[in-house]
Amino acid sequence: DKEIIEVKIRFYGRAERILRNQTLCDEQKIIDGIDDKRGKYIEITLPVTDFEEIMTIVLKYGEESEVISPETFKEKWKDKIKKMYDFYIENNTD
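Note that the structure is predicted; figures quoted are calculated from it, not measured.

Caption draft 1: A look at the pairing of strand 1 (residues 5-12). Pairing between strand 1 and strand 3 (residues 39-48): eight bridges, direction antiparallel. Bridging across to strand 3, Tyr12 finds its partner in Tyr41. Alignment of strand 1 against strand 4 (residues 65-69), held across four bridges, turns out to be antiparallel. Its bridge partner lying in strand 4, Arg10 is registered against Glu66.

Caption draft 2: Region of interest: the nonpolar core. Core analysis: the largest hydrophobic core is formed by 18 residues, its most contacted members being Val7, Ile9, Phe11, Leu46, Ile54, Val58 and Phe73. Of all the elements in the fold, those that place two or more residues in this core are strand 1, helix 1 (13-19), strand 3, helix 2 (52-60) and helix 3 (71-91). Here the element with the most residues in this core is strand 3; it accounts for four residues. Val58 has contacts with Ile9, Ser65, Val67, Phe73 and Trp77, leaving out every residue within four places of it along the chain.

Caption draft 3: Just the pattern of salt bridges, in detail. Summed over the entire model, instances satisfying the criterion amount to ten salt bridges. Arg10 is the salt-bridge partner of Glu43, the closest N and O atoms lying 2.7 Å from each other. Taken together, the positions of Glu43 in strand 3 and Arg10 in strand 1 put the pair 33 residues apart, joining distant regions of the chain. Note on accessibility: Glu43 and Arg10 belong to one class, buried. The closest approach of N and O atoms between Arg14 and Glu64, which form a salt bridge, is 3.9 Å. Of the two residues, Arg14 is situated in helix 1 and Glu64 in the loop between helix 2 and strand 4; the sequence distance between them amounts to 50 residues.

Calculation rules
- Residues numbered from 1 in each chain as written.
- Predicted model: local features only at pLDDT ≥ 70, side-chain atom pairs only at ≥ 80, totals over all residues.
- Heavy atoms only, no water.
- Pairing = 2+ DSSP bridges.
- Helix = DSSP H or I, 4+ residues; strand = E, 2+ residues; numbered from the N terminus.
- Core = buried A, V, L, I, M, F, W, Y, C linked by side-chain atoms within 4.5 Å.
- Buried < 20%, exposed > 50% of the residue type's maximum accessible area, 1.4 Å probe, protein only.
- Contact = heavy atoms within 4.5 Å.
- Salt bridge = Lys/Arg side-chain N within 4 Å of Asp/Glu carboxyl O.

Next comes the structure, spelled out in structure tokens:
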């Protein structure tokens, strides 16, 4: 059996409005909050056995999403963003 890991992700703006009414998994928990700089958000906590599926959702919402925990997931998220940025910069012909 794979280990179950609890992840926390915040969604702002349009993502907050969309995901407020969606169920990512039956065991998810949603809390509301306000960030001093970014405004209103929802924080979704849910169990996962690997990060790939939830990573797709986080990346889908771009700057309107923020991984809170665990730190291992947060580092993988940052690494994906950096790889996308590096690819774009290296392949930009403008």
